[in-house]
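# Structural characterization, general
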Amino acid sequence: MAANRPGHDAVVPVIDQLEPSLAVRHSLPAIAGLTCGPMNNNEPQCSEYVPESRLIAQRLGKADSLRDRGINPFTNQVRVDHTLADLFRLHGEKSHTELQSQAIEVSVAGRLRFFRRMGKASFLKVQDGSCQPGIKPAGQTADGRKVPPTDDLLQLLVQSDMVGAEAYELCQSFDLGDYIAASGLLMRTRTGELTVQVRRLKLLTKSLRPLPEKWHGLSDMETRFRQRYVDLIMNDRAKETLRIRFEATRLIRQFFYQRGFVEVETPMLHTTPGGAAARPFLTHHNALDLDLYLRIAPELYLKRLVVGGFERLFEIGRCFRNEGLSRFHNPEFTMVEFYQAFATFLDLMTFTEELLTYLVGEIHHGMVLTCDSHQIDFTPPWPRLTVHQAVAKYTGVDEDRLHDRGELERLAAGCALPDHDSMNTGKLLMALFDALAQPHLVQPTFVTHYPLEVSPLSRKNEADPTLVDRFELFVAGWEVANAFSELNDPVDQYMRFLDQLKAKAAGDEEAHPMDLDYIRALEYAMPPAAGEGIGLDRLAMILADAATIREVIPFPLLRPESGPTTTVE
RNA sequence: GGGGCGUUAGCUCAGCUGGUAGAGCAUCGGGCUUUUAACCCGCAGGUCGUAGGUUCGAGUCCUACACGCCUCACCA
């Protein structure tokens with residue numbers, strides 16, 4: 001029997017003495033954050049390990065006591081036959097009497113989250129990776145009453161009579177946070193909760209560090225982001241937010257695959273940081289003695305692939321911009337960028353509606369969601385406004401007058417826009433749009449026909465060469481996507497780069513650099529194409545109703561905990 | 001980078017006009033064999049972010065610094 005059930009062959013004996021050897025552990029000064037000393041062989045050198053607190057020292061003492069009795073507090077000998085979600089799905093609706101007559105035996109494992117000791121009986125609750133809101137069915141009392149679940153956890157009932165006095169004593173030393181395994185028969189308690197009546201119980205992994213309090217949990221933002229692992233254990237919402245983000249990534253891939261797009265990867269180390277207007281991170285390759293930039297956008301490499309014949313491609317990848325941080329900006333963020341030959345920006349508007357309604361439908365099972373306390377309806381088609389129309393709509397100024405520099409200046413002065421004298425007319429118009437129109441674009445809205453000056457990689461509009469065939473998508477007042485018909489005339493592109501160089505010389509730090517290899521690629525002819533970039537993080541914020549970009553990034557950038565470790569330049 | 005707010009026990013938080021630090025939960029000890037934030041009794045736990053200053057005396061007032069949050073700027 002033991003051979004068949006390796007997870008349960010060693011129900012461990014009593015721990016007689018749990019008193020930790022505190023004197024030894026406190027013989028070295030505690031250093032905040034230090035978790036482990038040097039290791040000379042495969043075994044941890046416990047005497048080098050300095051506990052950060054009395055509570056950790058106590059738990060270390062428990063682990064030592066287990067070892068003294070031949071029990072490995074970090075065993076991997078376990079067999080599990082149900083995740084908690086499986087168990088709830090398979091057996092969650094069964095009544096008290098069904099469970100009694102069927103005698104269903106299950107083996108489960110999870111993290112101990114609640115522990116209620118009642119003398120010779122204890123109620124434990126465990127959590128595993130399958131725990132998700134909505135999976136656990138209502139409880140059923142013996143007289144047929146339904147009791148709504150209060151958590152997503154599986155309850156275990158450990159009784160001294162059932163497991164034996166020694167094992168019962170042992171389990172009393174378990175701590176919240178420990179991983180444990182249990183097997184036994186399913187039952188319902190008096191209050192109707194589906195519960196494993198434990199026959200065998202085993203500690204799998206000792207948790208040395210106490211979890212936050214069960215009622216208030218972990219709410220400190222700094223700790224939540226620094227120690228995301230604790231956040232995910234404690235906060236269902238945090239886990240759900242990241243789950244939605246990862247699910248969105250999966251769905252986006254699926255959507256592109258279904259439409260014949262090839263997923264590609266292009267360099268993150270660039271010698272020329274192009275494809276967007278942003279300040280790059282600088283790094284250095286030692287062997288080549290070469291300064292390199294972390295990419296600010298994959299755009300120019302993706303279009304080189306289009307030249308090479310990958311006519312429908314996409315990349316989901318990290319971009320890096322050396323700019324300020326805010327609820328919408330993390331220095332590294334994820335962009336999904338894609339190109340389609342023989343398409344225009346008009347095609348991509350429809351494509352974008354299809355992609356986003358697919359995501360919203362799959363994740364929310366409907367077209368309406370709540371984001372930033374707005375009700376947002378994704379039912380297509382979405383309104384399309386030109387930049388000029390949008391500014392006109394929200395300022396009341398006649399659209400035709402927005403082509404007049406003086407009128408733009410007057411509006412800029414009216415909303416206290418700084419430094420507008422030095423802006424070219426296109427930049428000024430966009431600054432007005434950002435300040436006056438964008439915040440109103442709560443429902444999904446395409447804004448089209450951007451000024452040429454702010455779009456050095458876009459194809460000119462054939463009717464009005466001061467504009468480009470470009471759109472951005474706004475949702476909840478946030479920019480979510482940016483797309484255009486690609487400029488594929490190498491001479492025009494060269495001239496645009498020259499204009500950017502002039503802007504740079506005039507002090508525009510983010511002007512696009514000249515990229516002669518890109519020009520050379522275009523000289524071989526890039527098919528007419530349209531391309532788009534979607535900020536995956538911001539999209540995830542919308543899908544998950546996250547207040548800041550840090551919620552949808554598992555490990556957002558924070559300064560180091562213990563102050564600067566490098567010299568300030 | 002500017003402004004505002006915050007940092008007190010493992011967690012969540014009190015701590016008034018300056019007088020040597022408290023609660024709940026968790027831990028530890030005792031009791032309790034169907035609990036649901038279980039309950040009852042008891043013990044322990046803190047270099048009040050760091051460094052200076054004012055004061056007879058600082059968690060509290062002042063200055064600087066560190067980290068975080070909000071906001072503006074920068075920025076998509």
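Shown above is the structure to which this text applies.
Heads up: these notes are all about the structure in this document. Every value quoted in this text rests on a predicted model; they were computed, and no experiment measured them. (Residues numbered from 1 in each chain as written. Chains lettered and ligands numbered in written order. Predicted model: local features only at pLDDT ≥ 70, side-chain atom pairs only at ≥ 80, totals over all residues. Heavy atoms only, no water.)

Here the focus is the protein's contact with RNA strand B. In the region of RNA strand B, 55 residues are neighbours, and Q58, R116, D161, T191 and A277 sit closest. When atoms of RNA strand B within 4 Å of the protein are sorted by moiety, sugar and phosphate together comprise 59%. One nitrogen or oxygen atom from the main chain of S219 is found 3.3 Å from a phosphate oxygen belonging to RNA strand B. The side chain of R226 places a nitrogen or oxygen atom 3.1 Å from a sugar or linking oxygen of RNA strand B. Elements supplying a minimum of two residues to the surface near RNA strand B: α2 (54-68), β1 (105-118), β2 (121-127), β5 (154-159), α7 (221-226) and β18 (467-475). (Near = heavy atom within 4 Å. Polar contact = N/O pair within 3.5 Å; in protein donor to acceptor, adjacent residues only side chain to side chain. Helix = DSSP H or I, 4+ residues; strand = E, 2+ residues; numbered from the N terminus.)

So, about the sheet that holds strand β7 (residues 194-205). Overall, mixed pairing links the five strands, which are arranged β1-β2-β5-β7-β6 in a closed barrel. The average undirected angle you get between the axes of adjacent strands in this sheet is 55°. Note that β1 and β2 share seven bridges and pair antiparallel. Looking at the pairing, F115 lines up with L124 of β2. (Pairing = 2+ DSSP bridges. Axes fitted to C-alpha atoms, helices over the stretch in contact; angles between N-to-C directions.)

With that out of the way, let us pick up the sheet that holds strand β13 (residues 332-341). Spatially, eight strands are ordered β8-β12-β13-β20-β19-β18-β17-β16 in an open sheet, and the strand pairing comes out mixed. Strand pairing shows two members of the sheet lacking a second neighbour, β8 (262-263) and β16 (384-386), which therefore form its edges. The pairing of strand β19 (residues 478-485) with strand β20 (residues 529-535) spans five bridges and is classified as antiparallel. Among the inter-strand pairings, A483 is bridged to a residue of β20, identified as E532.

Along β13, nine of the 10 residues are buried, which leaves the element largely enclosed by surrounding structure. Two strands pair when backbone bridges link them, and strand β12 (residues 312-320) and β13 are joined in this way by nine bridges, in the antiparallel orientation. By the bridge assignment, R318 is partnered in β13 with T334. As paired elements, β13 and β20 share seven bridges and run antiparallel to each other. Bridged to Y339 within β20 is G531. (Buried < 20%, exposed > 50% of the residue type's maximum accessible area, 1.4 Å probe, protein only.)

Further remarks concern a nonpolar patch on the surface. Together, V491, Y494, M495 and L516 make up an exposed nonpolar region whose accessible area comes to about 390 Å². As for its placement among the helices and strands, L516 is situated in helix α16 (residues 516-523). Assessed through its relative accessible area of 54%, L516 is described here as exposed. (Patch = residues over 30% accessible without salt bridge, like charges linked within 9 Å, V, L, I, M, F, W, Y side chains within 5 Å. Areas by Shrake-Rupley, 256 points an atom, 1.4 Å probe, with all protein chains shown as cover. Salt bridge = Lys/Arg side-chain N within 4 Å of Asp/Glu carboxyl O.)

That is the geometry; function is a separate question.
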